[in-house]
Amino acid sequence: MSVKEIDVDLFKKMVINGAINLKNNHAEVDALNVFPVQDGDTGTNMSMTITSGVRELENCESSSIIENAKVLSRGALMGARGNSGVILSQFFRGIYVGLKEIQHNYLTIEEFMNCLLSGRKIAYKAVMAPVEGTILTVVREAAENTESHLTEFDTIDSLLEFYYHEAEKTLANTPELLPVLKEAGVVDSGGAGFCKIIEGMLMALKGEILEAKEAKPEEGEASDAAQEIKFAYCTEFILDLRKPDTFEERELTATLSLLGDSLVVIREANIVKVHIHTNRPGRVLEIAQKSGEFQTLKIENMHLQHSHLEDGAKGPKATEALKANEPKKEFALIAVCFGDGIVNTFKELGVDYVIEGGQTMNPSTEAFVSAIKAVNAKNVIIIPNNGNVVMAAKQAAGMVRGSKVKVILAKTIAQGYASLINYNPEASMEENLQAMGESIAHVKSGEVTYSVRDTEINGVKIVAGDYMGIADGEIIVSVKEEKDAVKGLLEKMIDDESEIATFFCGKDVTEEEKALVEEMCLEINKNLDVEIIDGNQDIYSYIIAVE
């Protein structure tokens, strides 16, 4: 297939196909986690980011390629999750910036190349201190290397194929640029997710339209009616096609596959029957009706008690509307937490709004924007509690008008907890930022969890199933017995000057184990105050703050 120009329809197909290719392979990208813990989520974050953009793209009724690129950029921005998701959203913003001045409704080879270069430029600008060996390097080198061969391409598909292979080459080289990747035996996960998107876009140029694969349940996962239903509305209909000769079944299937699961599309002459489980039945019907008229239609709520669905988001929006008419309070705190006990502790310490997530599910930019609006305050401090959440929080902080919003660099639960101890609602924003920042600088963070694969990091040999002690982001010990991991970690974290150790205990920690960790602490420093809190978090047996 030789493509000389990209019109608006092809542009949409390329982006949707890229999103589907990443969605189908997100687990592979998730697995490229440097730390061998069960919280690798880069593929999921990037998939949710581009899918958010695709949903806006599908809603766009304009025939302008510039307007479509604009809504894609906006949707990806609002749905951006995690650092790689934010960078990806900025790449698509760069695509929009690169084409918004064109005078016609299509992209030539040179204009498409300019968009890729613009994507590289805007993505880099989003990061204050760019690190090579990441998604940024993949985006940059692919664009620069392709530009240097621009005169060799006479079609856009040949250009994009070269760009994709250059991206893959750079991805394979990321371990040589980042030693931590080489030691862990993985390539950069953000770069890998980006390559999946470009691969899907290239497939679309070649006429290969993908369908989203239905996720298979994990081994041993519950499958009875009590299990939480991800997509609540069973939607079925029969469509009488308006133009059967030009109808593209693959395009309808690809588009609907992004809106749910259990999708079945069957065509017989001018009749199409569709079955899908979705949270957006109205959107499904709107898309289908563009191709024909409904003969029969049925929508059933499979789990009526699940009344607050993510796509509806009626509750938060209604709250925002009510608070918009209320006078703003002086101060509010927003924090990202996981685990019922940790959430309750942060609320008790003065947090007004908790966005649940962090380790295994990074909140989107839109989630932060909604939270900022919901607290309705003149001054807002966001406590991310996770390094992979900071960029989305900062992006949201710059989008909301009418409030002064600041993000403190609390990258762990321990740091966020320590910062709250020094928060004073009567102080100014500047005084609070200084005091909370000093607390973050002086607290030691620790976690105990288990390994999901064999590897070696910083000279520590790790075997799948081992318990690891992590101090300030560095794996200190990896052993067979959990108590030995706790002891090794505490010996690293606690010294004679330590005054207090706070433990957030995970779901499965027993009373005997809580007593044992307190005993271990006092053996190291008999004057230490030890605080035990039931965090009820998953994955991490203990989250520890030592001050």
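Residues numbered from 1 in each chain as written. Predicted model: local features only at pLDDT ≥ 70, side-chain atom pairs only at ≥ 80, totals over all residues. Heavy atoms only, no water.

### Re the overall build of the chain
Logical step 1: Secondary structure assignment for the chain yields 19 helices and 18 strands.
Logical step 2: Relative to the globule expectation of 24 Å for 547 residues, the C-alpha radius of gyration of the chain, 25 Å, shows essentially globular dimensions.
Logical step 3: By its C-alpha atoms, the chain is 80 × 55 × 50 Å across when sized along the principal axes.
Logical step 4: Split into buried and exposed, the 547 residues of the chain put 54% on the buried side.
Logical step 5: Contacts in the chain between residues far apart in sequence, at least 24 positions, make up 73% of those at least 6 positions apart. (Helix = DSSP H or I, 4+ residues; strand = E, 2+ residues; numbered from the N terminus. Rg over C-alpha atoms; globule rule 2.2 N^0.38 Å. Buried < 20%, exposed > 50% of the residue type's maximum accessible area, 1.4 Å probe, protein only. Contact = heavy atoms within 4.5 Å.)

### Quick word on the sheet that holds strand S7 (residues 329–337)
Logical step 1: Judged by pairing direction, the sheet is parallel, and its four strands sit side by side in the order S8-S7-S9-S10 without closing on themselves. The open sheet has two free edges, formed respectively by strand S8 (353–356) and strand S10 (404–407), since each of these has just one partner strand. Averaged over all adjacent pairs, the angle separating strand axes in this sheet is 15 degrees, with direction ignored.
Logical step 2: Two strands pair when backbone bridges link them, and S7 and strand S9 (residues 377–383) are joined in this way by six bridges, in the parallel orientation. (Pairing = 2+ DSSP bridges. Axes fitted to C-alpha atoms, helices over the stretch in contact; angles between N-to-C directions.)

### Notes on a positive patch on the surface
Logical step 1: Taken together, the side chains of Lys70, Arg93, Lys100, Lys121 and Lys125 present a region of like positive charge at the surface.
Logical step 2: Its place among the elements puts Lys70 in helix H3 (residues 65–79).
Logical step 3: Judged by relative accessible area, which is 41%, Lys70 ranks as partly exposed. (Patch = residues over 30% accessible without salt bridge, like charges linked within 9 Å, V, L, I, M, F, W, Y side chains within 5 Å. Areas by Shrake-Rupley, 256 points an atom, 1.4 Å probe, with all protein chains shown as cover. Salt bridge = Lys/Arg side-chain N within 4 Å of Asp/Glu carboxyl O. Lys, Arg positive; Asp, Glu negative; His and termini not counted. Charge placed at Lys NZ, Arg CZ, Asp CG, Glu CD.)

### Points about the side chain of Asp188
Logical step 1: Inspection of the secondary structure assignment puts Asp188 in the loop between helix H8 (179–184) and helix H9 (189–205).
Logical step 2: Within the structure, Asp188 has its side chain in polar contact with the backbone nitrogen of Ile135 (distance 2.9 Å).
Logical step 3: Among the polar contacts made by the side chain of Asp188, one reaches the main-chain amide nitrogen of Gly191 at a distance of 2.7 Å.
Logical step 4: Sequence-distant contacts of Asp188, defined by excluding residues within four places in its chain, comprise Gly133, Thr134, Ile135, Leu171, Thr174 and Leu181. (Polar contact = N/O pair within 3.5 Å; in protein donor to acceptor, adjacent residues only side chain to side chain.)

### Quick word on unusual backbone geometry
Logical step 1: At Asn385, a position not held by glycine, the phi torsion is positive, near 65 degrees.
Logical step 2: Its location among the elements puts Asn385 in the loop between S9 and helix H15 (390–397).
Logical step 3: Classification of Asn385 as buried rests on a relative accessible area of 2%.
Logical step 4: For Asn536, which is not glycine, the phi dihedral falls at a positive 60 degrees.
Logical step 5: Within the secondary structure layout, Asn536 lies in the loop between strand S17 (529–534) and strand S18 (542–546).

### Here we look at the packing of helix H5 (residues 109–125) against helix H7 (residues 156–177)
Logical step 1: Remark: H5 packs on H7, axes separated minimally by 10 Å, with the N-to-C direction vectors making an angle of 25 degrees. One finds that H5 runs roughly parallel with respect to H7. Seen along the crossing, H5 lies across H7 with a hand that is right-handed. Between H5 and H7, the residues in contact are Ile109, Phe112, Met113 and Leu116 and Ile156, Leu159, Leu160 and Tyr163, respectively. (Parallel < 35°, antiparallel > 145°, perpendicular 65-115°, else oblique. Left-handed = near helix turned anticlockwise from the far one by under 90°.)

### Some thoughts on the sheet that holds strand S15 (residues 474–479)
Logical step 1: Read from one edge of the open sheet, six strands run S15-S14-S11-S18-S16-S17, paired in mixed fashion. Only two strands of the sheet have a single partner each, and these edge strands are S15 and S17. Along the sheet, successive strands turn relative to each other by an average axial angle of 15 degrees, direction set aside.
Logical step 2: Across five bridges, the pairing between strand S14 (residues 467–471) and S15 is antiparallel. Looking across to S15, one finds that Met468 is bridged to Ser478.

### Comments concerning the confidence of the model for the chain
Logical step 1: This prediction gives the chain a mean pLDDT of 86; 90% of its residues lie at or above 70.
Logical step 2: Taken as a whole, residues 216–228 scores under 50 in pLDDT and shows five contacts with residues more than four places along the chain or in a different chain. (pLDDT = per-residue confidence, 0-100.)

### What about the environment of Met399?
Logical step 1: Structurally, Met399 is set in the loop between H15 and S10.
Logical step 2: Exposure remark for Met399: the relative accessible area of 24% places this residue in the partly exposed category.
Logical step 3: It is 9.8 Å that separates the C-alpha atoms of Met399 and Glu366, two residues lying 33 residues apart in sequence.
Logical step 4: Once residues within four sequence positions are removed from consideration, Met399 is found in contact with Arg74, Leu77, Met78, Thr365 and Val369.

### Section: the packing of helix H14 (residues 365–375) against H15
Logical step 1: Closest axis-to-axis distance for the H14/H15 pair is 8 Å, and the angle between their directions is 50 degrees. Compared by their axis directions, H14 and H15 come out oblique. Judged by the twist between their axes, the crossing of H14 over H15 is right-handed. Each of Thr365, Phe368, Val369 and Ile372 in H14 lies in contact with H15, whose residues at this interface are Ala392, Ala393, Gln395, Ala396 and Ala397.
Logical step 2: When the residues that make up the contact of H14 with H15 are grouped by side-chain class, the tally is seven nonpolar, two polar and no charged. (Nonpolar A, V, L, I, M, F, W, Y, C, P; charged D, E, K, R; others polar.)

### Focus on the pairing of S10
Logical step 1: In S10, alternate side chains face the same way, and those of Val405 and Val407 are buried while those of Lys404 and Lys406 on the opposite face are not.
Logical step 2: Note: S9 against S10, four bridges, orientation parallel. If you follow Asn379 over to S10, its bridge partner there is Lys404.

### Here we look at the environment of Arg93
Logical step 1: With respect to the helices and strands, Arg93 occurs in helix H4 (residues 82–99).
Logical step 2: The spatial distance from the C-alpha of Arg93 to the C-alpha of Ser118 is 8.6 Å, given a sequence separation of 25 residues.
Logical step 3: Once residues within four sequence positions are removed from consideration, Arg93 is found in contact with Ser73 and Ile122.

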